[in-house]
Amino acid sequence: MRPTLPPEQIRAILNSAIMRQASLGWRVQAQSDVQAVMASGGQVNHVLHLVITLLLCGLWLPIWIILAITGTEKRLTITVDPYGVLLYNGRPVTPMGPPMVAPPGPPGPPPGNVNAQAVAAANQRRDLRQKAREQAAADIVLARELRIGRPDLPRQYDDGGLIDVNHVPPQVLTLFSGVTPELAEHIARIRDHVGGFSSAEELAATADLHPDLMPEIAEYAVFLP
C-alpha cells in the first residue's frame, strides 16, 4: 500500500506550488493545510462600461466585449492529496511538464504558433535544468540553500523540474514515469545503504533499473552529495 505523507510535508508541497503561482501574478484567496484557492485578474465593472458605451454611441462596445472575455477574475484551486500529488483544478500535475499555470490572457495565436511556443517553453525548462546543474557543481552549499532538486520543499528557485535522487523522500521518486512506489522504496533503501549515487548510470547499475527508465531519469535527475 502506498504510504501517505506527513502533514508538514503536504503543507511544504502546497506552499511551494503557491509561491510559484504567486510569481506569475496569482493571489491567494483562501488556504488550508491541503488546498489553496488562487485568483488572477479582476471583476469587470459592467455598469461603467454600459454608460461609456451609451455615451459613445456604441463605439466602446468592442472594448467592453474584449474586457468581458479577458478581464474577468479567474480562479485556480491547488490541492495536495495524501500521497503528495499536486492537483490543479482537480487534475494531476507532473513535474515533467510545465509546473505552473500562467494567468489567462487574450485569445492565443494560431495552432502552429502554439506548438512553437510549447517547444520553446520545453527548451527553456531544459536550459533551467542545465543552469541548475552548473550552479550545483560550482557551489554545493548554495545549491542546497536554493533547494535544487527538492520539489518536496518550499522554495523560490526554479530548477526546471530536477529531482535530487540522493535526498528526496521515496514518494518523490515516483514522479519519474515508470517508478512505482515499490521501486522507489527499493531505490531509497539502496541509496541509504551505499550513501548515495553519483550519476544516473551508477543508479541504474546499483539498483538494477530497467533501461526504459533511464532516458527520463538522466534528463531530470540530479545527484547532490
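See above for the structure.
Fair warning: this is a prediction, and the values are worked out from it, not measured in the lab. (Residues numbered from 1 in each chain as written. Predicted model: local features only at pLDDT ≥ 70, side-chain atom pairs only at ≥ 80, totals over all residues. Heavy atoms only, no water.)

Peer 1: Can you help me understand the environment of V194 in this one?
Peer 2: With respect to the helices and strands, the residue V194 is situated in helix α7 (residues 181-194). Among the residues examined, V194 registers a relative accessible area of 40% and is labelled partly exposed. Sequence separation between V194 and T206 is 12 residues, and the spatial gap between their C-alpha atoms is 9.1 Å. (Helix = DSSP H or I, 4+ residues; strand = E, 2+ residues; numbered from the N terminus. Buried < 20%, exposed > 50% of the residue type's maximum accessible area, 1.4 Å probe, protein only.)

Peer 1: I tried to follow the side chain of R191 on my own but got confused; where do I start?
Peer 2: Considering the arrangement of structural elements, one finds R191 in helix α7. When its relative accessible area of 8% is taken as the criterion, R191 is described as buried. Those residues in contact with R191, other than ones at most four positions away along the chain, are V165, N166, H167, V168, G196 and F197. (Contact = heavy atoms within 4.5 Å.)

Peer 1: Any chance you could explain the sheet that holds strand β4 (residues 86-88) here in plain terms?
Peer 2: Backbone-to-backbone hydrogen bonds join strands into a sheet, with any given pair of strands oriented parallel or antiparallel. Spatially, 5 strands are ordered β1-β2-β3-β4-β5 in an open sheet, and the strand pairing comes out antiparallel. With partners counted over all chains shown, the strands left at the sheet margins are β1 (27-31) and β5 (91-92), one partner each. Taken together, the 6 bridges between strand β2 (residues 35-40) and strand β3 (residues 74-80) define a ladder with antiparallel strand orientation. The residue bridging Q35 from the neighbouring strand is T79, located in β3. Relative to β3, helix α1 (residues 7-22) is tilted by about 155°, and along the sheet it contacts β1, β2, β3 and β4. (Pairing = 2+ DSSP bridges. Axes fitted to C-alpha atoms, helices over the stretch in contact; angles between N-to-C directions.)

Peer 1: I tried to follow the pattern of salt bridges on my own but got confused; where do I start?
Peer 2: Tallying each qualifying case throughout the model produces 7 salt bridges. Residues E219 and R129 are paired through a salt bridge, measuring 2.8 Å at the closest nitrogen-oxygen approach. Of this pair, E219 sits in helix α9 (residues 214-220) while R129 sits in helix α4 (residues 111-138), and the two are 90 residues apart along the sequence. We classify R129 as buried; its relative accessible area is 4%. In this structure, a network of salt bridges that share partners links the residues R126, R129 and E219. (Salt bridge = Lys/Arg side-chain N within 4 Å of Asp/Glu carboxyl O.)

By themselves, these are just geometric observations and shouldn't be taken as functional.
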